[in-house]
Amino acid sequence: MVVQSPHSLESSVPTAENGSKRVNSQLGKGSPAKDNVSGQRRASARLQAAKQRAEKELSVKRRVEHLDEDEHENGTSSRKKVNVDSEKLELKLKHAQSAIQQLPEISSDRSEPKLNEKVAKMVERAAKIAEGLDGTNAPNVVEKSAHIRVKETIRLFNKHYLHLVQEEEKRCGAVKVDKKAPKGKNAKKGDVSEVDVKGKAKRPDLKAISKMMEKNEVLYPEKRIGSLPGIDVGHRFYSRAEMVAVGFHSHWLNGIDYMGQSYRKGEYEHYIFPLAVAIVLSGMYEDDLDNAEDVVYTGQGGHDLTGNKRQIRDQVLERGNLALKNCVDLGVPVRVIRGHESASSYSGKVYTYDGLYKVVQYWAEKGISGFTVFKYRLRRLEGQPTLTTSQVQFTYGRVPKSPSEIRGLVCEDISGGQEDVPIPATNLVDDPPVAPTGFTYCKSMKVTRNIKLPANAAKCDCKGVCWDPKTCACARLNGSDFPYVHRDGGRLIEAKHVVFECGPKCGCGPSCVNRTSQRGLKYRLEVFRTPKKGWAVRSWDFIPSGAPVCEYIGVLTRTEELDSVSENNYIFDIDCLQTMRGLGGRERRQQEASLPMIQNMDKIDEQRSESVPEFCIDAGSIGNVARFINHSCEPNLFIQCVLSAHQDIKLARVMLFAADNIPPLQELTYDYGYALDSVYGPDGKVKRMQCYCGAEDCRKRLF
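### Some details on the overall build of the protein chain
Across its full length, the protein chain holds 12 helices and 30 strands. Element-wise, carbon and sulfur atoms account for 50% of the exposed surface of the protein chain, whose accessible area totals about 32100 Å².

Written out as structure tokens, the structure is:
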């Protein structure tokens, strides 16, 4: 989506399709202008400046209409005319496109000429050509960095994984129902026993990587020697399956990944095979010795698969063992990944890439259990970044256990006890340190007097919790399926135009999975001061992808009523409807849901310019922790519209969800979704603001 105000639905969404592109996140947020340079929002004076340019923009619209008439009369001649004066016309169309799609209705006179669909497409295409976004100008498209492609691949894996988790949860639900089914002689032909169903269970992570292999979605399907682009020393994987999905280590169980005889041809024709490319150190063998820079690694095979780490037979010099021996002979380094116990990961471990190691020696000896094992001494290559792991202990960073341990504490809880989890504020930048001021904390939305929330909430007849999407009325609104899975307290499977949750009239209780975003804060968040971006937010806890982080809270008001407000940098436009229509350059999301209340949305407010959202959230003086979350060109959060208490898409709740698996102490960010040169000052001139997000693919400007 295109950002109307500092916030918008079109932020970057964690779907594999859109990757890190801006996807309807114009439901924005911000930080004070003087505090948060990166988080500054649109000044309301932009609306006034735009209205002053209205007459000029409408004349451009009329000119395009004349071009359309010429096209009907002269066939394709109108396109030639457009190309003749392309530079001037495209420049005008570019400004017209930006203003017409992003600003309020300029005139209420119904006699004003109205763009028909064909003309609108011409304007949009002309604007894209001018901005270098059209396919005819493909050479100007910037290729995604390796880091972005790695992130998108893992997001795609998480999407597949959560879909398969949902299938498994449905299966488990079927098992519960089956317990009530008749057994023995009274059983019917179609009945399936609980044991039968459980016997068909498969791990969703393994099914996810199988699906990616079938669709050729693995980022690096061919094995490579050395480091892989986009995966730096210190990169964390939250399962072995994630490594397989990227192509970093191609097996979810074996410790040694190696090239087989099939690699004899091509660039590796002078090597001896098999040849190892990566190993995982995870304490699986009793003979392993890990001293960080110097490792003694036990070969594969011969150990007890029940998990007690003991050897039960001799190892053989073949496959992975032979591959590591060949690395000694050829001097080929291998990637070393260390696995550590972690309650944060669904696999129970976190795997960290610790760099390239040279296999300097190998030998065979009798192991602790009396069986022959092969040993390999590996030594870390010099000139690499410092290790982030040390032997068998993995550290994310020093997470405080109590307020007394917090460095630079300036406020123990900015919510004043309103939230179930305290939100401390720290400041190690200012001297003397100051706390966040100038606002009143509020955990629930405030509504201006002239707005009346509708009472047309959907109602399901489920009891206790909703579990059958075929019978739940709310699930049917989401495309006959629940948008969440139960795992980790509730996770959104993928970003949608809108999520329909159970509301106050439904028969289910607060533990229902379809109320996931209604449960308030559950992660320990901290507001902290940064040198260039003002206040920012991070979590002390691991946040899994798809988990709800917080709602954007403030005063729900009409956009037009903020026209006289100067430099309010905390306005978030509720532009879900605009995103669903793909207006103003907004990226449309995948949506299989049946949307009965907006099937005729083209008829809604026909007399109003719908490129600008009618409602917004103003967190300038009243708001919650979301007002401090900064912008990033490579965000780890995304915006999601949610409907629960009613079904008015223009008044949807604005939720922030995790786009990635977020480790503790990593700053939380989302894409404000600004289009460059879309913000104007009181003088009508384009405003520019530098971006300090620090991302590798940073656009350098916030707007």
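### Thoughts on the confidence of the model for the protein chain
Residues of the protein chain with pLDDT of at least 70 account for 67%, and the chain-wide mean is 77. Segment residues 187–200 is flagged for pLDDT under 50; beyond a separation of four residues in sequence, or across chains, it makes 12 contacts in the model. A low-confidence stretch, residues 390–396 (pLDDT under 50), is modelled with 20 contacts involving residues beyond four sequence positions or located in other chains.

### Overview of the pairing of strand β28 (residues 637–643)
Most of β28 sits out of view: seven of its seven residues are buried. Both faces of β28 are covered, namely the face carrying L637, I639, C641 and L643 and the face carrying F638, Q640 and V642. As defined by bridge partners, strand β19 (residues 499–500) adjoins β28 across two bridges and the pair is classed as parallel. Counterpart to F500 in the pairing with β28 is L643.

### Examining the nonpolar core
Grouped together as the largest cluster of nonpolar side chains are 54 residues, with contacts concentrated most on V527, Y552, V625 and Y670. Mapped by element, the contributors of at least two residues to this core are β20 (525–530), β21 (534–539), β22 (548–551), α12 (576–581), β25 (615–618), β28 and β29 (653–658). The biggest single contributor to this core is β28, with four residues. Grouped together as the second largest cluster of nonpolar side chains are 42 residues, V150, V280, L324 and I337 included.

### Focus: the state of the cysteines
Tallied over the entire structure, the rule returns zero disulfides. There is no disulfide at C633, and the cysteine sulfur nearest it, in C693, is 3.9 Å away. For C633, a relative accessible area of 4% gives the class buried.

### As for the sheet that holds β22
Read across the sheet, four strands follow the order β19-β28-β29-β22 without closing on themselves; strand pairing throughout is mixed. For this open sheet the edge positions go to β19 and β22, each flanked by a neighbour on one side alone.

### What about the sheet that holds β21?
If you trace the four strands from one edge of the open sheet to the other, you get β13-β14-β20-β21, paired in mixed fashion. Of all the strands in the sheet, just β13 (409–411) and β21 have a single pairing partner and so form its edges. In this structure, β13 lies alongside strand β14 (residues 425–426), joined through two bridges in antiparallel fashion. Note on β14: the bridge partner recorded for L409 is T426.

Reading the values: rules and limits
- Residues numbered from 1 in each chain as written.
- Predicted model: local features only at pLDDT ≥ 70, side-chain atom pairs only at ≥ 80, totals over all residues.
- Heavy atoms only, no water.
- Helix = DSSP H or I, 4+ residues; strand = E, 2+ residues; numbered from the N terminus.
- Areas by Shrake-Rupley, 256 points an atom, 1.4 Å probe, with all protein chains shown as cover.
- pLDDT = per-residue confidence, 0-100.
- Contact = heavy atoms within 4.5 Å.
- Buried < 20%, exposed > 50% of the residue type's maximum accessible area, 1.4 Å probe, protein only.
- Pairing = 2+ DSSP bridges.
- Core = buried A, V, L, I, M, F, W, Y, C linked by side-chain atoms within 4.5 Å.
- Disulfide = S-S within 2.5 Å.

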